[in-house]
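Observations on the model geometry
What follows is each chain in one-letter form.
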Amino acid sequence: MQSINLGNKESGKIWHRKPSPATRDGIIVNIIHNTSDYLPKVLRFLNVAFDSSGDSLIAGDHQGNIYVFDLYGNRFNLVQRTSQACTALAFNLHRKSESLVALADYSIKCFDTVTKQLVSWMRGHESSVFSISVHASGRYAITTSSDTAQLWDLDTFQRKRKLNILQSVGIQKVFFLPLTNTILSCFKDNSIFAWECDTLVCKYQLPAPPESSSILYKVFAVTRDGQILAAGGKSNHLHLWCLEAKQLFRIIQMPTKVRAIRHLEFLPDSFDAGSNQVLGVLCQDGIMRFVNIQTCKLLFEIGSLDEGISSSAISPHGRYIASIMDNGSLNIYSVQTLTKEINKPPPPLVKVIEDLPKRKVNSGDLKMKVTSGRVQRPAKSRESKIQARILKQDLTGNFENKENEFSDGLNKKRLQILLKGYGEYPTKYRMFIWRCLLQLPENHTAFSNLIDKGIHVAFLNLQKKYPIKSRKLLRVLQRTLSALAHWSTIFSDTPYLPLLAFPFVKLFQNNQLICFEVVATLIINWCQHWFEYFPNPPINILSMIENVLAFHDKELLQHFINHDITSQVYAWPLLETVFSEVLTREEWLKLFDNVFSNHPSFFLMTVVAYNICSRAPLLNCNLKDDFKYFFHHRNNLDISAVIREVYRLMDTTPTDIHPDSMLDVFVALTKGQYPVFNQYPKFIVDCQTQERERIRDDELDYLKERQAVEDMQAEVDQQRVEDEAWYQKQEPLRKAEETRRETLLQEEEMMIQQRQKLAAVKRELKVKEVHLQDAARRRLLQLQQEQREMELRRLDDEVERKVCMRGREIAAKDLEMRHLELELQKRLHEKNLTRNQEAIAKEMREDADANKRKVDLEEHMFHRPIGTDQTQNQKTQKLTEENLAKAEQACLNTDWRIQALHKQRCDDLHRNECYQEVAKLLQKNRKKEMEVLNAVMEGEAKKWEEAEEQDFHLKSEKKAAAPSDASRRWFLENEIHAQHPYHKGAKMNGSPQAVCLEPHS
């Protein structure tokens, strides 16, 4: 056993010399990881997983160091240092270099083992992930923690689904079933559900286990074909469930020292077609025991009480076992070495040693030790070795002895004597005796090469022609026929080969190598000259049978001839089916015990004997269909009588017609490689092969064309469905569109009505405004007139008062001064009144202009949103109609386009009519507005005329008042001139007086 310490190395070789694992333990290499510090410590491995090829594995330790080991290339590499403990691993993704690593922080990381880069980082769990299951395609993964399970898409690394459960239930494991699209979920209450991966619909639930053997399931394992589920827990019982029948079909009890089961995993085999028979059971004592679930025998075990195993993984091809030991190291085991003793042929049951006078044979020389179901080699006695002695016999005897002696110690003559005495071989040893009689070489390598070529194209659709109920039996038959076709081309074109091989396939379905070699030996020896007239039946062989039948039973042969029954009816069906259609299983086995123990001509004689022993019912048959039915169905016939008749025919048939003179003696298959089989007309086979290839090519072309037609039809159907769905969708859209259009029309009508009402209200408002302005102007003018009249009256009163007051004055000077003062005051008042009137008029005009501007601004602001909404609605409606027209033009045909165009024209005409009506209404509104404006202007002109008249009246009054002013001025001037002498006298007297005129306010 080699050992390697990784230390601080990031890459290197796993072993430095070719590993040669010992048979005792089967360990290829022991891998440990110690730090190279001053005080080295062990870095314990926690998880390990193989890739899909089985030649590489990935392992992680408790410090987060991820290593990949290439067992084929003898290299290891450090992928990543995550600095966190690894809790689960997966290495079988569809991108071969990628791996999934679950870490202690509840996250899952995807690393590329080649580039050593982080590909993705997935989060979502709230507790530690202890299981990662990858779909067979490698594109989906299920990660499981104690509280949830999550389904991930490994193409996008996005979470697709999440399974949440009650905390009281808990999840044990959720994983994909191999080769299926089914997810199996196992809970802590022993409930097991199967779900469809795509739809997550529950397919079925397994029933509860019986109360007599009820255990809490902790660990699970499934065979590679997904048919059998193994479950175990804290018990020494194992439950095997058949997932196809959905029932518990077997309970295996482990040894009493097993108290709990920690891990389960099936051991794959290249020849079991996925129906694994060996189950690895890791128990609480650290020993992993491998048990055959059919025979319930312990085959081998790894680990020990001193070096226990904590977890383990098995490669997909079943060549390696990677186990993490309790001390933290990693052991790689060779399954071939561990099973070397099991795969050896069993030791001889009987061994005869003759001519040893010097020494007696002790019973201890041939001991079989069987411990826990494991087969061990015979124990040798401690005495001296037995020396072989050459017996002096004649040449004939020596040759016969060599011919009759087998390598396993059996003697053919003795077997024939035993067979004649009992009529058949013991059931327990029949298969072993057959293997010895046929001298099978068991060429594992050659057979593996034939199997590795895959299913032959000639047998791809075998189930259509031969619908076998058992899928396992169908797969074994398909593989066996494919191996025969790869061995020799003739067998791919032999129509009766499935009938010939089926009974042997059914008998040896658990050992395909033996099945193939038995059929190949049968074809080489007992089917001699069968293919010389290919593809026709072997006429030469049928002629031999007919000659023998003519010699021993001429009456029966004449009966056949009279009813036109040839040897292809009474002999060929028995040969091509090797009697499997007319005999039961026990009868057939009994017959072939004798066939394999005699010359190949015995098989042909059996056909003649079968006809002779059945002569009574055959002579009563007159129809050809009755004969055909007879030789294709079981009949009431004693097989022992047939075998005795065969021996009689072998002894009494003349040499010139005896088949043994024309058939060769038995020849066994060669060791290492199988012999070349070319006993057939090659040119016919080549011609048929070429013709078949041509037909296959034509069929492929036809299938492609049919597939294309079917695809086109499917597309047409899908298009029709889509069209119907589109039409169905368009109908409510059309109705909705019509509803919208009606609503729009109603809205437009309501808008028009509102506009009309608004215009009417506007007109009324304008008329009211004009009336109000007129009334206000009249009131203002009336007020001004009243003010003027009041001012004039006040002035008149003041004048009269002044006049009165002046009249009362004594002095004339005071009176004149008062009159002058009053006159001046009157002028000042008139001037002030004129200024006030002008200011008031100016303010009124400014107020009127401001009001008008305000009205215009409000009208502009009111009409602008209406016009904007109309423009926006027209644009939106136009854009919608254009998009609708485009969609209809892209989806509908020409008729629909014409209808759409016609409809669009109608809409345009209707819209034009609406526009014309709106334009007419606008014109009417404008006319009415013009009328109102004209009326206002006329009123304004009238007012201006009235103002001019009043101005003219004012001017005329001024002209009329001018003479009175002139006369008053003249009077004042005269009065002033009349007072001049007084002023002069005053000056002369030295008492001048200042004259001051101050107007009264």
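Residues numbered from 1 in each chain as written. Predicted model: local features only at pLDDT ≥ 70, side-chain atom pairs only at ≥ 80, totals over all residues. Heavy atoms only, no water.

Convention followed: UniProt positions are given in the numbering used here, feature names are shortened, and annotations may be inferred rather than shown by experiment.
Naming follows an unreviewed UniProt entry, where the chain appears as TBC1 domain family member 31 of Neophocaena asiaeorientalis asiaeorientalis. Under the UniProt heading Function (unreviewed entry), the entry covering the chain gives this text: "Molecular adapter which is involved in cilium biogenesis. Part of a functional complex including OFD1 a centriolar protein involved in cilium assembly. Could regulate the cAMP-dependent phosphorylation of OFD1, and its subsequent ubiquitination by PJA2 which ultimately leads to its proteasomal degradation." Under the Subunit (unreviewed entry) heading, UniProt states for the chain: "Interacts with PJA2; the interaction is direct and recruits PJA2 to centrosomes. Interacts with OFD1; regulates its activity in cilium assembly. Interacts with PRKACA."

**Looking at the sheet that holds strand 8 (residues 86-90)**
How we decide: A pair of strands is treated as paired once DSSP finds two or more bridges between them. Each helix is a run of H or I in the DSSP string that is no shorter than four residues. Each strand is a run of E no shorter than two, and both are numbered from the N terminus. Axes, fitted as lines to C-alpha atoms, cover a helix only where it is in contact. Angles between the N-to-C directions of the axes lie from 0 to 180 degrees.
Spatially, the 4 strands line up as an open sheet ordered 8-9-10-11, and their pairing is antiparallel. Of all the strands in the sheet, just strand 8 and strand 11 (118-122) have a single pairing partner and so form its edges. Shown here is a sheet whose adjacent strand axes are inclined to one another by a mean of 20 degrees, direction ignored. Of the pairings in the sheet, the one linking strand 8 to strand 9 (residues 98-103) comprises 4 bridges and is antiparallel in character.

**Quick look at the packing of aromatic side chains**
Counted only if it meets this: For Phe, Tyr and Trp, rings pair up if their centres lie within 6.5 Å, where Trp contributes its six-membered ring, and each pair is then called stacked (planes under 30 degrees apart), edge-to-face (over 60) or tilted (otherwise). A simple rule labels every residue: compare its accessible area, found with a 1.4 Å probe on the protein chains alone, to the largest value its type can have, and call it buried under 20%, exposed over 50%, or partly exposed in between. Definition used: whenever NZ (Lys) or CZ (Arg) falls within 6 Å of the ring centre and also within 35 degrees of the ring normal, the charge is taken to sit over that ring.
Counted by the stated rule, this structure contains 37 aromatic pairs. Aromatic side chains Phe 491 and Phe 677 sit 5.2 Å apart centroid to centroid with 25 degrees between the ring planes, which places their arrangement in the stacked category. With a gap of 186 residues between them, Phe 491 in the loop between helix 7 (471-487) and helix 8 (497-507) and Phe 677 in the loop between helix 18 (639-652) and helix 19 (682-808) connect regions that are remote in the sequence. The two residues Phe 491 and Phe 677 agree in class, both being buried. Ring centres 5.4 Å apart and planes at 70 degrees place the aromatic pair Trp 726 and Tyr 727 in the edge-to-face group. Its guanidinium or amino end placed over the ring of Trp 121, Lys 109 lies 4.3 Å from that ring's centre, counting from NZ or CZ. One cation-aromatic arrangement involves Lys 173 over Phe 175; the distance from NZ or CZ to the ring centre is 5.2 Å.

**Regarding the sheet that holds strand 21 (residues 228-233)**
Ordered by their spatial adjacency, 4 strands build an open sheet running 20-21-22-23, and the pairing between neighbours is antiparallel. What marks the edges here is a single partner per strand, and that holds for strand 20 (217-222) and strand 23 (247-253). Here the strands of the sheet are splayed against their neighbours by 25 degrees on average, with no regard to which way each runs. Note: strand 21 against strand 22 (residues 237-242), 4 bridges, orientation antiparallel. By the bridge assignment, Leu 229 is partnered in strand 22 with Trp 241.

**Concerning helix 10 (residues 539-552)**
To keep things clear, this is the line we draw: In a helix, the anticipated span is given by 1.5 Å times the number of residues less one. Contact between two residues is taken to exist if any of their heavy atoms lie within 4.5 Å; hydrogens are not considered.
Over its 14 residues, helix 10 extends 20 Å from the first C-alpha to the last, a length consistent with the 20 Å expected when each residue adds 1.5 Å. Those residues of helix 10 lying buried are Asn 540, Ile 541, Leu 542, Met 544, Ile 545, Val 548 and Leu 549. Looking at the buried residues of helix 10, the elements they touch are helix 11 (554-562), helix 12 (567-570), helix 13 (572-576) and helix 15 (601-613).

**What to know about unusual backbone geometry**
Of note, Gln 439 is a non-glycine position whose phi angle comes to about 50 degrees, a positive value. Summarising the element assignment, Gln 439 is placed in the loop between helix 4 (430-438) and helix 5 (444-452). The phi torsion at Val 578 lies on the positive side, around 45 degrees, for a residue other than glycine. Position of Val 578 among the secondary structure elements: in the loop between helix 13 and helix 14 (585-596). Its relative accessible area of 0% is what places Val 578 among the buried residues.

**Examining the side chain of Asp 61**
Heads up, the condition is: Polar contacts, as used here, are pairs of N or O atoms within 3.5 Å; protein pairs need one atom able to donate a hydrogen and one able to accept it. Residues neighboring in sequence count only if both atoms are side-chain atoms.
Along the polypeptide, Asp 61 turns up in strand 5 (residues 56-61). A polar contact of 3.2 Å, which involves the side chain of Asp 61, links it to the side chain of His 33. With sequence-adjacent residues up to four places away left out, Asp 61 is seen in contact with His 33, Leu 43, Arg 44, Phe 45, Leu 46, Ala 85 and Cys 86.

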